[in-house]
Amino acid sequence: MDGSAEQNLVSYERHGAVSVIGLNRPEKRNAISDRVVEALADAVERATLESRAAVIHGAGPHFCAGLDLAEHVEKPLIDAVKGSRRWHRVFDLIERGAIPFVSALRGAVVGGGFELAASTHIRVADDTAFFALPEGSRGIFVGGGGSVRIARLIGTARMGDMMLTGRVLRAREMEQWGGVSYVTPDGAALDKAIEIAERTASNAELSNYAILNALPRIQDMSSEDGLFLESIMSALTSATPEAEDRLRAFLEKRAAKVEAPKDA
Ligand code: 1HE
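About the criteria used
Residues numbered from 1 in each chain as written. Predicted model: local features only at pLDDT ≥ 70, side-chain atom pairs only at ≥ 80, totals over all residues. Heavy atoms only, no water. Helix = DSSP H or I, 4+ residues; strand = E, 2+ residues; numbered from the N terminus. Buried < 20%, exposed > 50% of the residue type's maximum accessible area, 1.4 Å probe, protein only. Contact = heavy atoms within 4.5 Å. Near = heavy atom within 4 Å. Polar contact = N/O pair within 3.5 Å; in protein donor to acceptor, adjacent residues only side chain to side chain. Areas by Shrake-Rupley, 256 points an atom, 1.4 Å probe, with all protein chains shown as cover. Nonpolar A, V, L, I, M, F, W, Y, C, P; charged D, E, K, R; others polar. Axes fitted to C-alpha atoms, helices over the stretch in contact; angles between N-to-C directions. Parallel < 35°, antiparallel > 145°, perpendicular 65-115°, else oblique. Pairing = 2+ DSSP bridges. 1 Å grid on protein atoms, 1.4 Å probe; cavity = no way out; pocket = protein on both sides within 12 Å on 5 of 7 lines; lining within 4 Å. Points joined across faces, edges and corners; volume = space filled by probe spheres on them. Domains from an automatic or database assignment.

Q: Explain the environment of Pro 26 here, please?
A: Its location among the elements puts Pro 26 in the loop between strand S2 (18-23) and helix H1 (34-50). Residue class for Pro 26 comes out partly exposed when judged on its relative accessible area of 30%. Sequence-wise, Pro 26 and Gly 60 are 34 residues apart; in three dimensions their C-alpha atoms are separated by 5.5 Å. If near-sequence neighbours (up to four positions away) are discounted, Pro 26 is found in contact with Ala 59 and Gly 60.

Q: Sorry, what's going on with the site of the ligand here?
A: Around the ligand there are 23 residues in total, and Lys 28, Arg 29, Ala 65, Gly 112 and Arg 138 lie nearest to it. Interatomic distance of 3.3 Å between a side-chain N/O atom of His 62 and an oxygen atom of the ligand. Within the complex, 65% of the 1,000 Å² of free accessible area of the ligand lies under protein. Elements with a contribution of two residues or more to the shell around the ligand: helix H2 (69-72), strand S5 (108-110), helix H4 (112-119) and helix H5 (135-138). Considered class by class, the residues forming the shell around the ligand number ten nonpolar, six polar and seven charged.

Q: It is not clear to me how the packing of helix H10 (residues 205-219) against helix H11 (residues 223-238) should be interpreted in this structure. Could you clarify?
A: Two quantities define a packed helix pair, namely the angle between the helix axes and the distance between the axes. Look at H10 against H11: their axes get within 11 Å of each other, and the N-to-C directions meet at 175°. By the criterion of interaxial angle, the relationship of H10 to H11 is roughly antiparallel. For the pair formed by H10 and H11, the contact residues are Leu 206, Ser 207, Ala 210, Ala 214 and Ile 218 on the first element and Gly 226, Leu 229, Glu 230, Met 233, Leu 236 and Thr 237 on the second. Broken down by class, the residue content of the contact of H10 with H11 amounts to seven nonpolar, three polar and one charged.

Q: Please explain the side chain of Asn 30 as it appears in this structure.
A: Within the secondary structure, Asn 30 sits in the loop between S2 and H1. Residue classification places Asn 30 among the buried positions, given a relative accessible area of 1%. The contact partners of Asn 30, leaving out residues within four places of it in the chain, are Leu 23, Asn 24, Arg 25, Gly 58, Ala 59, His 62, Phe 63, Cys 64 and Ala 65.

Q: Would you mind going over the side chain of Arg 149 with me for this structure?
A: Looking at the secondary structure, you find Arg 149 in helix H6 (residues 146-154). Judged by its relative accessible area of 12%, Arg 149 falls in the buried class. Polar side-chain contacts of Arg 149 include one of 2.9 Å to the side chain of Glu 95. The contacts of Arg 149, once residues within four sequence positions are left out, are His 88, Phe 91, Asp 92, Glu 95, Ala 118, Ser 119 and Gly 144.

Q: Explanation requested: the sheet that holds S5 in the structure shown.
A: Picture the strands of a sheet paired through backbone hydrogen bonds; they go either parallel or antiparallel. One open sheet holds the three strands; their spatial order is S5-S7-S8, and the pairing between them is mixed. The outermost strands of the open sheet, each flanked by one partner alone, are S5 and strand S8 (169-170). Across two bridges, strand S7 (residues 130-132) lies against S8 in antiparallel orientation. Opposite Phe 130, over in S8, you have Arg 170 as the bridge partner.

Q: How should I be thinking about the layout of surface pockets in this particular structure?
A: In this approach, a probe sized like a water molecule rolls over the atoms, and the result shows the empty space that is left. Its volume calculated, the largest pocket comes out at about 750 Å³. Taken together, 24 residues form the lining of the largest pocket, with Glu 95, Ala 118, Thr 120, His 121 and Pro 216 sitting closest to its centre. Of all elements in the fold, only helix H3 (77-95), strand S6 (122-126), H6 and H10 reach the threshold of two or more residues within the lining of the largest pocket. At six residues, the largest contribution of residues to the lining of the largest pocket is made by H10. A breakdown of the residues in the lining of the largest pocket according to their chemical character gives nine nonpolar, eight polar and seven charged. In terms of domain composition, the lining of the largest pocket takes at least three residues from each of domain 1 (10-201) and domain 2 (205-251). Lining the second largest pocket are 33 residues; nearest its centre among them are Gly 66, Leu 67, Asp 68, Leu 69 and Ile 140. Put simply, the parts of the chain that give the lining of the second largest pocket at least two residues each are H2, H3, H4 and H5.

Following this line, the structure appears as structure tokens:
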């Protein structure tokens, strides 16, 4: 956004109902400095206010090289803790906000870049994307929510493997591990991510809100509490005029049916 006088560290555009947010520091492979975190927070807040869905991508051939190591190496311990907590708050605005976020991934999706992607709701990678958590070899630890989000996404054992060995996975391997949901040809991830975001933007707003906010919380609850909250959310979303309109539209054959995939 308009984050800095010298350079917009994060770009922001609107495509209809979808905001497109770009990490915009390609000369440093979109490494995330404190100022990038602030610019990202502004963009996420703006998107949440004015759009129905958003896409996050990176300028240039790499999505994101993670934490800005040049800035980090100079930081006193207390500032490192505060910095990590700030990442948590900003990524939480994405994960448990009010609109769906789709990430478009290419090239390096590394360390904090993978943590950012893990805070989005849907990940689309092109064939050039590669995933790594080099924290072990750098002598640090994840600090952008990865120990919770990435561990849940791909499993703690696989995340531990990536951190311990520095193993680098291609997009197709990460798809098999559940870390990305779509793999496209080289250069096609952003368009696919926008298309998916547009699709999510056409849902009922309250359903999207429940998907974003109830679903992850239910995972943190006991089964009994989760099932109870599910019933409450189910009744709440059904009780809106929008739900009634959408249900009647189907019953009166004005809404699309669910169709089998064309290539099935
Ligand atoms: C950086 C960073 C960075 C690049 N912080 N400056 N992340 C890492 O350990 C990944 C480190 N980066 C790389 O392994 C590579 O840069 C890439 C594979 C991402 C890209 O390679 P390449 O050949 O395209 O670029 P490059 O020549 O290595 O980098 C271009 C410039 O970006 C160079 O600066 P220059 O002044 O020499 O031009 C690099 O120093 C700079 N650069 N990555 C700072 N990360 C909340 S906790 C999260 C913990 C982590 O994220 S740990 C993982 C950190």
